[in-house]
Amino acid sequence: MTRTIAPRLRTLLLLCLAVTGALLAGAGPASAHAALTGSDPAQGVVVDKAPTQVSLTFSEKVAMSDDSLRVLDPRGKPVQTGGPANVSGTTYAVQLKSGLSKGTYTVTYQVVSADSHPVAGAFTFSVGAPSQTVVSAGAPAVGGGVVGWLYAVGRYVSYAGFIVLAGGAAFVLACWQRGAGVRALQRLVVGGWVALTAATLWLLLLRGSYTGTGRLADVFDLDLLGQVLQTKTGAALVSRLLLLAAAALFVAVLFGTYTRREEGTEKRDLAFGLAVGGVVVAAGLATSWAMAEHASTGLQPGIAMPVDVVHLLAVAAWLGGLTALLVALYLAPAETPVEAAAVRRFSRLALGSVLALVATGVYQSWRQLGSWSAFTGTRYGQLLLVKIGLVALLTGLAVVSRRWTNRLTDRAVTAKAKKAQVRARTQAQPRTETQKEQVPASKSLGKGSGKGAAKGGVSTANAKETGNGESSTANGKSGTANGKEAANGKSSTGNGRVGAGNGKEAASGKGSAGNGRVGAGNGKGSGSGDSQRAAQLARQRAAVDAAQRKRLRDADPNRFGLRRSVLAEAGVAVVLLAVTTALTQTEPGRTEQEARAATSTSAGSGTAASGALTLDMPFDTGGTDGKGVVSIDLDPARVGGNEMHVYVQRPNGRAFDVPEVKVAFTLEAKKIGPLPVNPDHITTGHWSANEVQIPMAGDWKVAVTVRTSDIDQVTVSKNAQIG
C-alpha cells in the first residue's frame, strides 16, 4: 500500500500547484477597491466656460500624493496648480490655472484606496468644443505587470505562512502535545514563521513600486520605502514584523523548554501560558491584515474588523491544523505515531472552526456584495461562488476523514508492535544465556586433565567472544597434556585454524605455553572488534524494529484511509487559499455595482449646452432592502425656476417606492444653503417638484436623503454646475 501513495501524492501536489499558479497568474493587476463615482466636470462633457478646479468623488476615502491628480491640456502640458485636496467626504479637487484655452483636457488620477489597493484612471472633458489631443486617455498602469504578479505571490505566501504557523502550533498545543518533540512538526511550524517573515519583508519592499511606478527596479528605492512606511499599509506590515519577533520567542519556548520539561504541574502551567500567549500573538497577526484591507473600510468597519480577525483565526486553526495532521500521519517517527485521541481532538477543533467560518463568511459576503445579483454579475461574486464550492467540497472530505477517525484505534498497532518486540527478544535470548554459562566455565578451569583441556578449548572460544584472553592462556597451558582433547576443543570453539594448531602442538608436547600466549593475544584483539560488531548489530536491530513498527502502523487500513482523505483535504485547501488571495485583490461586488451605476449615468449627465442636468447616486441605508439608485433630473438647470423629478430604483432597475425622499441644494463657495426641497409623490418610485429656485450660478452640491424604513436612512450627494 505504501508504494501507491508517493505517485498519488506527487500528482496531487503538482495539480494543486498548477491550479494555484493559474489563479495567481490570471489575477493580473489588482482590481480597484475604490471606484470613481463622480467628477466635475463630468466625463466627456463640454462646458462653455473653463472651470477653476477639477473634483473627483470616489466610493471610499483614498490616499493621494502631490501628483496623484493631474489635468493636461491638448498639448500634454499640466494645467493644475498645487496638489489635490480633500474637499468633503470622499471628494478631492485640484485647482486649475486661469485663462484656459478651448479644447479637450485629460484628467488622470492615481490613488490608493482605503483597503490598500492602487486605483488609477483617466477621462476627458472639453472647454468650448472638443479638439485633438496628444494625451492618451488610457489609465496609468498600476498594480500589474511583473511587480503586480510578485506582489500577489507575496500575499499568497504570507497567508500560507500564517496558516501553517498559527495552525501548526494550535495543533501541537490543543491536540497532540507529544508532537512538540517530533522533528517534522517542528520544521513545519518554523517553516511557516520563515515564510511569513520573508513574505512580509518582500511586500514591504514591493509596496512602493506596486502602488506607484510599477517598475521592478524601484523595489530598493529608499525614498519610496520611506513613503510606504508613512501609510496605513506600511504601518500594518511593520507591526506584523514586530509581532513575528514575539512569535519567534513563542516557537523557541514551545519546541525547546516545553519539550524538555518532565510531565507534571509545571509543564501543564507552561502549556497554558503558551496557549494564551499564542492566541494573543496570532490575533495580533490577523489584525495586521484586518486593519489594512477590506474590513477597514466601507460598511460597518467597527464590526467587520473583529469578524475578519475571527475568520482568519478559524482558517488557520482548520487548514493549518490539517497540514500539521498530514505531516504527523506521513512523517512522524514510528516510535511516536499520532494517537487516535489526538486525531479526534483535532476533529472537534476543525468542526468548531468550520462553524466560525460559516458565521463570519455569511456576514462578510453580505457586506461585500449587498445583493443576490452581485453573485453572478460581478467578478467578486463569481470568485466567492468558487470559494463556497471549494469549502463545501472540503467539508465533504472532512466528513469522510471524520468517519475514518471514528474507526481509528491504537490497540491493533500497539499489540502487533509488542508482539514483534517480544519475538525479537526471544530470538536474542538463547545466545545471551549461552554466553552467561560459558564465561564462568572458563574461570573454573586452570588445572585438570585432558578433559579439562577440552573444556579449556571451549572456554578459549568463549574468551574470544567475551574478550577474556588471559583465561584462554591459562586453559591453553593446562590443555597441553592431551592434544586430542585440545583438537576436540578446537571444534567446539568454532575457530578451526587456531584450534587445530593448538591441538597439534599439544599432542607433541611442544610450545603449549606459547600457544597459550597466542590464544591470549587472540582473546585481547577480538574484544574491541566484537564490541564494535555488537554496537553495529544493536543499531541494525533498532532499525529493523523501527521499520517493522512503521510497517505495522501503515498496515492499519483505518489509518491508511485517514491519510488518503487528509491528503485530499490538503490539496483542496491549497486551491482554496489561492482563490481567497484572489478575492482580497478583487473589487467588492457592492463597489463594482456602484461604479457601474455612476459610469452609466456620466454620459447622460446634464451640461450647460443641453440645458438639463441628470444625476444618479447609488445609496445603501444599511437595513433590509436598503440598496438602490436615486436619480435627479433638473430642467433647464439654470438660474431661476427649474422643474425637478426624482426617481428611485432597485439595483435590478425596478421602481422602488421608499417612504420618504428629500432634496437640498448648497452652494458652499458662497455659503448659500442648504435650500430644502420636498418633492411630491407622483407614482411608484417617482417624485416631482416645480419651481425649484436656483439663486445664482455655481458648483452646487445636490444632496438627497432616502429613508427606506422607520430607522434606516442615508444621505448621498453630488456636485454639479448649475447656471
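Residues numbered from 1 in each chain as written. Predicted model: local features only at pLDDT ≥ 70, side-chain atom pairs only at ≥ 80, totals over all residues. Heavy atoms only, no water.

1. Comments concerning the overall build of the protein chain
Link 1 in the chain: The helix and strand tally for the protein chain stands at 19 helices and 18 strands.
Link 2 in the chain: Within the span of the protein chain, comprising 723 residues, buried residues form 47% of the whole.
Link 3 in the chain: Relative to all contacts within the protein chain whose residues are 6 or more apart in sequence, the contacts with residues 24 or more apart total 71%. (Helix = DSSP H or I, 4+ residues; strand = E, 2+ residues; numbered from the N terminus. Buried < 20%, exposed > 50% of the residue type's maximum accessible area, 1.4 Å probe, protein only. Contact = heavy atoms within 4.5 Å.)

2. Brief notes about the pattern of salt bridges
Link 1 in the chain: Scanning all chains against the criterion turns up 9 salt bridges.
Link 2 in the chain: Linking arginine 261 and glutamate 266 is a salt bridge whose minimum nitrogen-to-oxygen distance equals 3.2 Å.
Link 3 in the chain: Put simply, arginine 707 and aspartate 710 hold a salt bridge, and the shortest N to O gap is 4.0 Å.
Link 4 in the chain: Ionic contacts of the salt-bridge type, sharing partners, join the residues Glu660, Arg707 and Asp710 into one network. (Salt bridge = Lys/Arg side-chain N within 4 Å of Asp/Glu carboxyl O.)

3. With respect to the nonpolar core
Link 1 in the chain: Of all hydrophobic cores here, the largest spans 74 residues; its most connected members are Phe162, Leu165, Phe171, Trp176, Leu185, Leu254 and Leu319.
Link 2 in the chain: Of all elements in the fold, only α2 (145-174), α3 (183-211), α5 (232-255), α7 (265-290), α8 (301-331), α9 (340-369), α11 (379-407) and α18 (557-584) reach the threshold of two or more residues within this core.
Link 3 in the chain: The biggest single contributor to this core is α8, with 15 residues.
Link 4 in the chain: If near-sequence neighbours (up to four positions away) are discounted, leucine 319 is found in contact with Ile163, Leu394, Ala573 and Leu576.
Link 5 in the chain: Core analysis: the next-biggest nonpolar cluster, separate from the first, contains 29 residues, Met617, Ala689, Val704 and Val706 among them. (Core = buried A, V, L, I, M, F, W, Y, C linked by side-chain atoms within 4.5 Å.)

4. Here we look at the sheet that holds strand β13 (residues 660-667)
Link 1 in the chain: Pairing in this open sheet of 4 strands is antiparallel, and the strands run β14-β13-β17-β18 from one edge to the other. If you trace the sheet from one side to the other, it starts and ends with β14 (672-677) and β18 (713-722), each paired once. Looking at each pair of strands side by side, their axes are set apart by 20 degrees on average, direction ignored.
Link 2 in the chain: Pairing of strand β17 (residues 698-707) with β18 involves 10 bridges; the strand directions are antiparallel. The residue bridging lysine 701 from the neighbouring strand is asparagine 719, located in β18. (Pairing = 2+ DSSP bridges. Axes fitted to C-alpha atoms, helices over the stretch in contact; angles between N-to-C directions.)

5. What to know about the confidence of the model for the protein chain
Link 1 in the chain: Averaged over all residues, the pLDDT of the protein chain equals 76, while 73% of them reach at least 70.
Link 2 in the chain: Of all secondary-structure elements in the protein chain, the lowest mean pLDDT belongs to helix α13 (residues 450-466), at 37, while α5 reaches the highest, 94.
Link 3 in the chain: The low-confidence segment residues 1-6, where pLDDT is below 50, has 8 contacts with residues more than four positions distant or belonging to other chains.
Link 4 in the chain: Of the regions scoring below 50 in pLDDT, residues 602-610 engages in 12 contacts with residues more than four places distant in sequence or in other chains. (pLDDT = per-residue confidence, 0-100.)

6. Some words on empty space enclosed by the protein
Link 1 in the chain: Applying the stated criterion across every chain, the model contains 4 cavities of 30 Å³ or more.
Link 2 in the chain: Its boundaries defined by the atoms lining it, the second largest cavity holds a volume of some 110 Å³.
Link 3 in the chain: Along the walls of the second largest cavity sit 15 residues, with Arg155, Thr233, Leu237, Arg240 and Glu293 positioned nearest its centre.
Link 4 in the chain: Contributing elements (two or more residues each) for the lining of the second largest cavity: α2, α3, α5 and α7.
Link 5 in the chain: The residue makeup of the lining of the second largest cavity, split by class, is 7 nonpolar, 4 polar and 4 charged. (1 Å grid on protein atoms, 1.4 Å probe; cavity = no way out; pocket = protein on both sides within 12 Å on 5 of 7 lines; lining within 4 Å. Points joined across faces, edges and corners; volume = space filled by probe spheres on them. Nonpolar A, V, L, I, M, F, W, Y, C, P; charged D, E, K, R; others polar.)

7. Some thoughts on the packing of aromatic side chains
Link 1 in the chain: Tallying each qualifying case throughout the model produces 9 aromatic pairs.
Link 2 in the chain: Measuring from centroid to centroid gives 5.7 Å for tryptophan 372 and phenylalanine 375, while their planes differ by 25 degrees, and the two rings are stacked.
Link 3 in the chain: Given a relative accessible area of 74%, tryptophan 372 falls into the exposed group.
Link 4 in the chain: Above the plane of the ring of tyrosine 258 lies lysine 267, whose end atom (NZ or CZ) is 4.9 Å from the centre.
Link 5 in the chain: Geometry around phenylalanine 656 places arginine 650 over its ring, the cationic atom sitting 4.2 Å from the centre. (Phe/Tyr/Trp six-rings, centres within 6.5 Å; stacked < 30°, edge-to-face > 60°. Lys NZ or Arg CZ within 6 Å of the ring centre and 35° of its normal.)

8. Let's talk about the packing of α8 against α9
Link 1 in the chain: One can describe the packing of α8 onto α9 by two numbers: an axis separation of 8 Å at closest approach and a directional angle of 145 degrees. Seen along the crossing, α8 lies across α9 with a hand that is left-handed. (Left-handed = near helix turned anticlockwise from the far one by under 90°.)

9. Remarks on the pairing of β13
Within a regular strand, the side chains alternate between the two sheet faces.
Link 1 in the chain: Burial analysis of β13 places 6 of its 8 residues in the buried class, which makes it a mostly covered element.
Link 2 in the chain: Sheet analysis places β13 next to β14, joined by 4 bridges and oriented antiparallel. Looking across to β14, one finds that valine 663 is bridged to valine 677.
Link 3 in the chain: Where β13 folds back on β14, the antiparallel hairpin that results is connected by 4 residues, among which lysine 671 adopts a positive phi of roughly 55 degrees.

10. A short note on the sheet that holds strand β15 (residues 680-683)
Link 1 in the chain: With antiparallel pairing, the 5 strands of this open sheet are ordered in space as β10-β11-β12-β16-β15. Edge strands, defined here as strands with exactly one partner in the open sheet, are β10 (613-620) and β15. With strand direction ignored, the average angle separating the axes of adjacent strands in the sheet is 25 degrees.
Link 2 in the chain: Where β10 and strand β11 (residues 627-635) come together, 8 bridges link them in antiparallel fashion. In the sheet register, proline 618 faces β11, and the bridge partner there is valine 629.

11. Examining the packing of α11 against α18
Link 1 in the chain: Across the interface, α11 lies against α18 with an axial gap of 9 Å and an inter-helix angle of 165 degrees. Here α18 runs roughly antiparallel to α11, going by the angle between their axes. Crossing hand, α11 versus α18: left-handed.
Link 2 in the chain: Broken down by class, the residue content of the contact of α11 with α18 amounts to 23 nonpolar, 6 polar and 3 charged. (Parallel < 35°, antiparallel > 145°, perpendicular 65-115°, else oblique.)

12. Overview of a nonpolar patch on the surface
Link 1 in the chain: A contiguous nonpolar patch, built from Leu229, Val238 and Leu242 and spanning about 260 Å² of accessible area, is present on the exposed surface.
Link 2 in the chain: Classification of valine 238 by relative accessible area gives partly exposed; the value is 32%. (Patch = residues over 30% accessible without salt bridge, like charges linked within 9 Å, V, L, I, M, F, W, Y side chains within 5 Å. Areas by Shrake-Rupley, 256 points an atom, 1.4 Å probe, with all protein chains shown as cover.)

13. With respect to the pairing of strand β8 (residues 103-113)
Link 1 in the chain: With 10 of 11 residues buried, β8 lies mostly within the body of the structure.
Link 2 in the chain: Looking at chain direction, strand β4 (residues 62-63) and β8 are connected through 2 bridges and run antiparallel. The residue bridging valine 62 from the neighbouring strand is serine 113, located in β8.
Link 3 in the chain: Two elements, strand β5 (residues 69-72) and β8, share 4 bridges in a ladder whose sense is antiparallel.

14. Here we look at the side chain of asparagine 642
Link 1 in the chain: Considering the arrangement of structural elements, one finds asparagine 642 in strand β12 (residues 640-649).
Link 2 in the chain: A polar atom in the side chain of asparagine 642 sits 2.8 Å from the backbone nitrogen of alanine 637.
Link 3 in the chain: Apart from residues no more than four positions distant in its own chain, asparagine 642 is found in contact with Leu634, Asp635, Pro636, Ala637, Ala689, Asn690, Glu691, Val692 and Ile694. (Polar contact = N/O pair within 3.5 Å; in protein donor to acceptor, adjacent residues only side chain to side chain.)

15. Examining the environment of threonine 586
Link 1 in the chain: Within the element layout of this structure, threonine 586 appears in the loop between α18 and α19 (589-602).
Link 2 in the chain: You can call threonine 586 buried: its relative accessible area is 2%.
Link 3 in the chain: A sequence separation of 207 residues divides threonine 586 from arginine 379, and the C-alpha atoms of the two residues are 7.4 Å apart.
Link 4 in the chain: Within polar-contact distance, the side chain of threonine 586 engages the backbone oxygen of alanine 582 at 2.6 Å.

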